[in-house]
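# A look at the structure
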Amino acid sequence: MSSQATVDAQATMNVTLKDNESTYQIDSYYSNDESYNTIMTIVLILNKYYLWIILAIGLPGNISTIFTISRMRSLGSFSLYVVLLAIADSAALVLKVTIYQLLNDQVYLTTEGCRILLFLATFFASYANWILVLMAVERLVAVKFPLKIQRYLGYKKSIMWNVIVGVSLAVMYTPILLMYDFEITNIGCYIHKEPIYLIVYLKWVNICLLAFIPFILIALFNVLILGIIRQSFKERNLLTNTSSSTDMSTLRQTMLMLFTSTLVFVILMFPACALTVAESYWQEEIHTRGFVLKYLFSQISYILVDSTHALNFYLYFLSARKFRKQFNELWTCKQTSVQRANLALKFQYGFQRLSLRTSTSNRQTAI
């Protein structure tokens, strides 16, 4: 595949951030500036391999999440979010790799194929981040109104909210099904140049739904959660004038988990948000070093955004003791041995009861 086709494929892959009619389209990446060619070569190498690396890291973790949660005894609304998050992350990664590889292999996708694949990849990428928002909302309600959590966010209502969010995202991304065409000459999915207002709409709606709004809401909700937790422990300490080591340990673990998850999400999403805002002010001439550096920064922001679909499993669930224990039992076959031991005990108990009944019956008959 030509260098231009590779660049176009990457632009198409990242439709969730910007359209591929932006200034990143170039006729040739070769220039008289040696540093220009070196940086562009690095960009093309990242473009070629990074999605496969992220898929190799994220897909096994997401599949492990689904299997681990499905084997847990108690399945509530939080477990529902966990499974949906793993499914959405996996779908986003698989679809992105599929689109890139098909274009890389110069497969004839047709216009309908381009539109459907891009729509699904964009939808699942955003939906995964909004599941994180819903999880943050549930934690906030659980901390603020612990006695009303089932009333506001029970299992059935959690399903309802997930459906509402999913349908809303699908409706807002509908223009993707109308704006993209497959071009045979360059083997790529290209957005219409007209109407211009739909191009602007897709660009800003995508970046807002994918990054800006989830970024702000997750950060805000976690700050509120931390504030409520700290205030509740202060009030408890004033009333009891004591603070058990168990409570302090729980507080530290909760605050560390919330802080880590929020910080990582903020770090990974911030470059994409900043680059989108700065794009209007950061103009560079094509075939210049500044232009290729801007393209490199754009590529790095894509890598960070796509990495969120691979790290959620490790950040949210391996830190939880119950999940980690269940995960270890699942993949080390410890659960099987435990189940066998329990089954043996049941048979032994049943045999003892049967022997007791038999001996009693014999004594009564003898009498």
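This section reports on the structure supplied with the text.

Basis of the calculations
- Residues numbered from 1 in each chain as written.
- Predicted model: local features only at pLDDT ≥ 70, side-chain atom pairs only at ≥ 80, totals over all residues.
- Heavy atoms only, no water.
- Axes fitted to C-alpha atoms, helices over the stretch in contact; angles between N-to-C directions.
- Helix = DSSP H or I, 4+ residues; strand = E, 2+ residues; numbered from the N terminus.
- Parallel < 35°, antiparallel > 145°, perpendicular 65-115°, else oblique.
- Left-handed = near helix turned anticlockwise from the far one by under 90°.
- Nonpolar A, V, L, I, M, F, W, Y, C, P; charged D, E, K, R; others polar.
- Contact = heavy atoms within 4.5 Å.
- Buried < 20%, exposed > 50% of the residue type's maximum accessible area, 1.4 Å probe, protein only.
- Pairing = 2+ DSSP bridges.
- Salt bridge = Lys/Arg side-chain N within 4 Å of Asp/Glu carboxyl O.
- Disulfide = S-S within 2.5 Å.

### A few points about the packing of helix α2 (residues 34–70) against helix α3 (residues 77–104)
Where α2 contacts α3, the two axes come as close as 9 Å, and the packing angle between them is 155°. In this view, α2 runs roughly antiparallel relative to α3, as classed from their interaxial angle. For α2 against α3, the interelement crossing comes out left-handed. Among the residues forming the contact of α2 with α3, the class breakdown is 15 nonpolar, seven polar and three charged.

### Some points on the packing of helix α4 (residues 110–144) against helix α6 (residues 155–172)
At a closest axis distance of 10 Å, the pairing of α4 and α6 adopts a crossing angle of 145°. α6 is crossed by α4, and the crossing has right-handed handedness. Where α4 abuts α6, its residues F119, F123, S126, Y127, W130, I131, L134 and E138 lie against S158, W161, N162, V165, G166, L169 and A170. Its residues assigned to classes, the contact of α4 with α6 comprises ten nonpolar, four polar and one charged.

### Comments concerning the pairing of strand β2 (residues 188–191)
Consecutive side chains along a regular strand alternate between the two faces of the sheet. Of the two faces of β2, the one lined by G188 and Y190 and the one lined by C189 and I191 are each fully buried. Where strand β1 (residues 180–183) meets β2, four bridges bridge the pair, whose relative direction is antiparallel. Paired with E183 across the strands is G188, a residue of β2. Taken together, β1 and the strand that follows it, β2, pair antiparallel across an intervening segment of four residues, in which I187 is found at a positive phi of about 50°.

### Re the pattern of salt bridges
A complete count under the given rule lists two salt bridges for this structure. The partner of K96 in a salt bridge is D306, with the nearest N and O atoms 2.3 Å apart. Pair noted here: K96 is in helix α3 and D306 is in helix α10 (residues 289–316), with a separation of 210 residues, a long-range link. D306 matches K96 in its accessibility class, with the two residues each being buried. For R115, the salt bridge identified is with D181, shortest N-O distance 2.9 Å. Note that R115 is positioned in helix α4 and D181 in strand β1, a separation of 66 residues in sequence.

### Details of the state of the cysteines
Summed over the entire model, instances satisfying the criterion amount to one disulfide. Through a disulfide, C114 is tied to C189; the S-S separation comes to 1.9 Å. Taking the sign of the torsion about the S-S bond as the criterion, the disulfide between C114 and C189, at about -70°, is left-handed. One end of the pair, C114, is in helix α4; the other, C189, is in strand β2, and 75 residues separate them in sequence. C114 sits in the buried class, given a relative accessible area of 0%. Overall, C189 belongs to the buried group, its relative accessible area being 1%.

### Focus: the environment of C273
Summarising the element assignment, C273 is placed in helix α9 (residues 245–278). Taking the relative accessible area as the measure of exposure, C273 reaches 5% and is therefore buried. In this view, C273 contacts A211 and F212; residues no more than four positions away in its chain are not counted.

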